[in-house]
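Letter by letter, the chains look like this.
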Amino acid sequence: MDWSHYRFRSLWALPAPAAAVYDLLEQAEDYPRWWPQVREVTKLSDTTGVITIRSVLPYDMVFTAREVLRDREGGVLEIAMSGDIEGWARWTVTPRGGGSLARYDQVVDVNKPLLRRFAVPGRPVFRANHWLMMRAGRRGLMAYLAGGRRSGPRAD
């Protein structure tokens with residue numbers, strides 16, 4: 001088993017229509033407005049950017065995200081990632097009741113040397129760190145959808 005390989009899945013039930021959620025998730029450069037752990041997004045082109053994230057643990061993860069798929073009709077947004085993490089991530093947004101379900105799937109290998117060094121003993125902590133980041137992202141998006149849109153990062 002490669003202890004630096006991770007698969008994540010998060011499901012966010014949201015009270016907004018799928019099209020509205022898709023529209024927000026499609027604008028990655030705005031993530032820092034509502035997702036506290038997405039510290040910075042630097043757009044390099046229409047399909048590529050550099051993203052810096054930091055959750056509870058005191059380290060930044062920096063990676064280049066390149067758009068692989070943008071399918072409005074199917075509700076799918078997918079990126080390829082390279083840098084401190086290498087792999088892919090995908091949002092799939094579907095209608096659910098009066099709102100929507102945003103499913104986030106990610107498969108990555110961690111390249112950051114410090115995290116690779118502590119891969120075995122740190123694995124449960126790294127997974128918890130990711131879970132906390134995703135929980136805060138859902139909370140931030142819920143507030144943003146509810147009209148609490150802010151012009152800058154907010155604390156969780």
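Our structure is the block above this text.
Computed from a prediction, not measured in an experiment: that's the story for all the values here.

Engineer: An account of the environment of Ser 10 is needed here, citing residue identities and associated values.
Structural biologist: Residue placement: Ser 10 occurs in strand β1 (residues 5–14). For the pair formed by Ser 10 and Arg 138, sequence separation is 128 residues and the distance between their alpha carbons is 9.6 Å. Sequence-distant contacts of Ser 10, that is, excluding residues within four places in its chain, are made with Ala 102, Arg 103, Tyr 104 and Met 134.

Engineer: Let's hear about a nonpolar patch on the surface: which residues, and what values?
Structural biologist: Taken together, the side chains of Met 1, Trp 3 and Val 120 define a hydrophobic patch exposed on the protein surface, amounting to about 350 Å² of accessible area. By the element assignment, Val 120 lies in helix α4 (residues 119–145).

Engineer: Tell me about the environment of Lys 112, and please be specific about residues and values.
Structural biologist: Along the chain, Lys 112 turns up in the loop between β7 (99–110) and α3 (113–117). Lys 112 gets classed as buried once you look at its relative accessible area, which sits at 19%. Separated by 53 residues in sequence, Lys 112 and Tyr 59 have C-alpha atoms that sit 9.9 Å apart. Every residue in contact with Lys 112, bar those within four places of it in the chain, is listed here: Tyr 59, Asp 60, Met 61 and Asp 84.

Cut-offs used in this document
- Residues numbered from 1 in each chain as written.
- Predicted model: local features only at pLDDT ≥ 70, side-chain atom pairs only at ≥ 80, totals over all residues.
- Heavy atoms only, no water.
- Helix = DSSP H or I, 4+ residues; strand = E, 2+ residues; numbered from the N terminus.
- Contact = heavy atoms within 4.5 Å.
- Patch = residues over 30% accessible without salt bridge, like charges linked within 9 Å, V, L, I, M, F, W, Y side chains within 5 Å.
- Areas by Shrake-Rupley, 256 points an atom, 1.4 Å probe, with all protein chains shown as cover.
- Salt bridge = Lys/Arg side-chain N within 4 Å of Asp/Glu carboxyl O.
- Buried < 20%, exposed > 50% of the residue type's maximum accessible area, 1.4 Å probe, protein only.

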